[in-house]
Amino acid sequence: MMRRREFITLLGGAAAAWPLAALGQQPVIGWLGPESREAEDIRVVPFRQGLKDGGYVEGQNLAIEYRFADGQYDRLPALVADLVRRQVAVIATGGIVGALAAKAGTTTIPIVFQTGDDPVRVGLVASLGRPGGNVTGVTSLSVEVAPKQVELLHSLVPTATIIALLVNPANPNQTEATTREAQAAARRFGLELQVVHAHTERDFDTVFAQLVKLRAGALVIGPDLLFFSWSGELGALAFRHAIPATCPYREFAAAGGLMSYGTNIADLYRQVGAYTARILKGEKPADLPVQQAVKLELVVNLKTAKALGLDVPMAMLMRIDEVIE
C-alpha cells in the first residue's frame with residue numbers, strides 16, 4: 001500500500017499544476033498582476049504583510065500563485081482563466097483592469113481588489129457598503145485627486161501656463177475620468193492642458209521629450225498601476241529633466257519628483273491582504289464593505305523645489321504631511 005508521503009512525492013511536477021489545497025496541505029490564492037513581476041513587488045510586499053497580520057505566511061501555511069501580464073492587459077483574461085482552472089481560494093489584484101478581468105472570469109471565486117476608480121461606477125460592486133456577489137476590496141478614488149494636483153502645481157509654479165497630464169491609454173476607464181477632472185481644473189485656473197501618453201515604462205523618455213515640444217511648464221502624472229509601479233523612476237526622470245511635476249505616489253517625491261499628493265498605497269495593499277485573510281477564514285466578499293481611503297498625504301521635496309528655483313507658499317507649507325530634504 002502506498003503511503004500518503006510517497007504518493008505526494010510520486011506526483012512530483014503534477015503538484016505544481018494542482019492547488020495545494022486540493023492535496024489537503026494549505027490554501028492557495030492567486031495574485032493577478034497587470035504589470036511585470038519586478039513592477040508588482042511594490043504592491044506584493046505590503047499585501048503579504050496584510051496576510052501575515054491575518055495569520056497567513058506564504059510558504060508556511062499559504063501558497064500564492066503569481067500571474068503577471070507584463071503591461072499587456074489583453075493577457076489578463078487568460079491569466080484569470082488559468083487561476084480559475086487551478087481552483088485558487090481567492091484572487092487578489094490591483095487596478096481596475098485587473099479587477100474587471102477577474103470579475104469577468106469567475107462568479108464563484110472570491111476577488112479582492114485595490115483600485116483608484118469608483119468600483120460602483122465601473123460595475124465591480126453593487127454598492128460600497130454591500131458589494132454583493134464575489135467581489136470586494138479597497139478604493140482610493142484617486143481620480144478625484146487630479147483636480148487637487150492641478151491646483152497644487154499651479155500654486156507652486158504660477159508662471160506655467162501650459163501643463164501636461166500623463167495618462168495610460170491602456171486603462172481607458174481611469175484615463176477618461178482623470179482627463180475629464182484635470183481638464184475642468186485647468187480651465188478653472190486659466191491653464192492649457194496637454195495630454196501625453198505612456199503604455200509602458202519604455203515610453204517615459206519619449207514623454208519627457210514631448211514636454212519640451214509642447215512647451216509644458218509642469219507635469220501632472222495621473223493615477224495608474226503603471227505609474228505607481230515605476231513612480232521612483234518617474235521621479236528621477238522629472239528631476240533630471242528639471243520638470244516641476246506631481247504624482248499621486250509618495251515614492252515619486254522620494255526619488256526626486258517635486259511633490260506627491262494621494263493616498264498611502266502600501267496601506268491599501270495591506271488592507272487587500274487583510275481582507276484576503278478574512279475570506280480564507282470563512283467570511284464572504286458580499287459581507288465585506290469596500291474600504292475607502294480617507295487620508296490624503298501631501299509630500300514635497302524641498303531639495304527639488306530649491307533646485308527648480310521654486311518657493312513653497314506658506315499656506316502650502318502648513319498643509320504638508322511630509323517634507324523631503
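Keep in mind the model is a prediction, meaning the values are calculated, not measured.

**Student:** Can you help me understand the overall build of the protein in this one?
**Tutor:** Secondary structure assignment for the protein yields 14 helices and 13 strands. In terms of overall size, the protein behaves like a compact globule, its C-alpha atoms giving a radius of gyration of 21 Å where 325 residues would be expected to give roughly 20 Å. Structurally, the protein occupies a C-alpha span of about 80 × 35 × 35 Å along its principal axes. Counting all 325 residues of the protein, 53% fall into the buried class. Accessible surface for the protein amounts to roughly 14,500 Å². Of this, 52% is attributable to carbon and sulfur atoms. Averaging the locations of the 31 positively and 32 negatively charged side chains of the protein gives two centres separated by 4 Å.

**Student:** Please clarify how the pattern of salt bridges should be interpreted in this entry.
**Tutor:** Should the charged atoms of two oppositely charged side chains come close, the side chains can pair. Within the structure shown, the criterion is met by 15 salt bridges. The partner of arginine 67 in a salt bridge is aspartate 82, with the nearest N and O atoms 2.7 Å apart. Within this pair, whereas arginine 67 is found in strand E2 (residues 63-68), its partner aspartate 82 is found in helix H4 (residues 76-85), the two being separated by 15 residues in sequence. By the burial criterion, arginine 67 is buried, and aspartate 82 matches it. As a salt-bridge pair, aspartate 82 and arginine 85 come within 3.5 Å of each other at their nearest N and O atoms. Of this pair, aspartate 82 and arginine 85 both sit in helix H4, three residues apart, which is roughly one turn of that helix.

**Student:** Where do I start with empty space enclosed by the protein in this structure?
**Tutor:** Once rolled over the atoms, a probe with the size of a water molecule shows which space is left empty. On inspection of all chains with the given rule, the structure shows three cavities of 30 Å³ or more. Around the second largest cavity sit Pro248, Tyr249, Arg250, Ser260, Tyr261, Gly262, Thr263, Asn264, Glu297 and Val299, which together line it. Sorting the residues of the lining of the second largest cavity by element identifies strand E10 (259-262) and strand E12 (297-301) as the ones contributing at least two each. Top contributing element to the lining of the second largest cavity by residue count: E10, with three residues. Here the residues of the lining of the second largest cavity sort into four nonpolar, four polar and two charged.

**Student:** Help me understand the sheet that holds strand E4 (residues 111-115) in this model?
**Tutor:** Whenever strands of a sheet pair, they do so through backbone hydrogen bonds, lying parallel or antiparallel. Strand order in the open sheet made by the six strands is E2-E1-E3-E4-E5-E11, with parallel pairing throughout. The open sheet is flanked by E2 and strand E11 (291-292), the only strands paired with a single partner. Looking at chain direction, E4 and strand E5 (residues 135-139) are connected through five bridges and run parallel. Paired with isoleucine 111 across the strands is valine 135, a residue of E5. Across the sheet, helix H12 (residues 265-280) is in contact with strand E1 (28-33), strand E3 (91-94), E4, E5 and E11; its angle to E4 comes to roughly 170 degrees.

**Student:** So what exactly am I meant to see when it comes to the confidence of the model for the protein here?
**Tutor:** Regions with low pLDDT should not have their predicted coordinates read in detail. Looking at the protein, pLDDT values average 89 and 92% of them are 70 or higher. Across the protein, element-level confidence peaks in H4 with a mean pLDDT of 98 and bottoms out in helix H2 (residues 14-17) with 35. Long-range and interchain partners of residues 1-23, a stretch whose pLDDT sits below 50, account for 24 contacts in this model, where long-range means more than four residues apart.

**Student:** Sorry if this is basic, but what is going on with the pairing of strand E7 (residues 192-197) here?
**Tutor:** Taken residue by residue, a regular strand's side chains alternate between the two faces of the sheet. Sheet topology places strand E6 (residues 162-167) next to E7; six bridges connect them, and they run parallel. Across the sheet, leucine 165 pairs through a bridge with valine 195, a residue of E7. Remark: the E6/helix H7 (residues 172-188)/E7 crossover connection has right-handed handedness.

About the cut-offs
Residues numbered from 1 in each chain as written. Predicted model: local features only at pLDDT ≥ 70, side-chain atom pairs only at ≥ 80, totals over all residues. Heavy atoms only, no water. Helix = DSSP H or I, 4+ residues; strand = E, 2+ residues; numbered from the N terminus. Rg over C-alpha atoms; globule rule 2.2 N^0.38 Å. Buried < 20%, exposed > 50% of the residue type's maximum accessible area, 1.4 Å probe, protein only. Areas by Shrake-Rupley, 256 points an atom, 1.4 Å probe, with all protein chains shown as cover. Lys, Arg positive; Asp, Glu negative; His and termini not counted. Charge placed at Lys NZ, Arg CZ, Asp CG, Glu CD. Salt bridge = Lys/Arg side-chain N within 4 Å of Asp/Glu carboxyl O. 1 Å grid on protein atoms, 1.4 Å probe; cavity = no way out; pocket = protein on both sides within 12 Å on 5 of 7 lines; lining within 4 Å. Points joined across faces, edges and corners; volume = space filled by probe spheres on them. Nonpolar A, V, L, I, M, F, W, Y, C, P; charged D, E, K, R; others polar. Pairing = 2+ DSSP bridges. Contact = heavy atoms within 4.5 Å. Axes fitted to C-alpha atoms, helices over the stretch in contact; angles between N-to-C directions. pLDDT = per-residue confidence, 0-100. Right-handed = clockwise from strand over helix to strand, strands pointing away.

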